[in-house]
Amino acid sequence: MRYLLNQASIKKFDEVAPYLSHIKYLVTLVASLGLQATLRVREQLTTAMEVSMSWGYASVPVSFTCMAFEMVRLLWQDLRGGQR
């Protein structure tokens, strides 16, 4: 935690903080709406393969959440001053 105490890191965190709040908002929004859509179509089956439509709908919030975690990881690495 020592690296968060110097001025350069605090300034860098001030630059990154708005991105983190946007990521949190979008993850919450996409995850909740995606979950609602997934639950809404859980009884529906695809015509050809007769698989639940929930699998397709569930992939959107899950993949978005994975991408958001990767973006947070890169922002954290940038905050610490590391190389990509």
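On a predicted model such as this, the values are computed, not experimentally measured, just so you know.

Draft legend 1. How the structure looks around the nonpolar core. Counting residues in hydrophobic clusters, the biggest one holds five residues: Val16, Ile23, Val27, Ala68 and Leu75. Mapped by element, the contributors of at least two residues to this core are helix H1 (7-40) and helix H2 (54-80). Per-element tally for this core: the top contributor is H1, with three residues. Other than its neighbours up to four places away in sequence, Val27 contacts Phe64, Thr65 and Ala68.

Draft legend 2. Quick peek at the side chain of Thr38. The residue Thr38 is located in helix H1 in this model. With near-sequence residues (within four places) excluded, Thr38 lies in contact with Ser54, Tyr57 and Ala58.

Draft legend 3. Just the pattern of salt bridges, in detail. Going through the model one piece at a time under the given rule, you end up with two salt bridges. For Arg42, the salt bridge identified is with Glu43, shortest N-O distance 3.9 Å. Arg42 gets classed as partly exposed once you look at its relative accessible area, which sits at 48%. When its relative accessible area of 66% is taken as the criterion, Glu43 is described as exposed.

Rules used throughout
- Residues numbered from 1 in each chain as written.
- Predicted model: local features only at pLDDT ≥ 70, side-chain atom pairs only at ≥ 80, totals over all residues.
- Heavy atoms only, no water.
- Core = buried A, V, L, I, M, F, W, Y, C linked by side-chain atoms within 4.5 Å.
- Buried < 20%, exposed > 50% of the residue type's maximum accessible area, 1.4 Å probe, protein only.
- Helix = DSSP H or I, 4+ residues; strand = E, 2+ residues; numbered from the N terminus.
- Contact = heavy atoms within 4.5 Å.
- Salt bridge = Lys/Arg side-chain N within 4 Å of Asp/Glu carboxyl O.

Taken by themselves, the reported measurements are silent on function.
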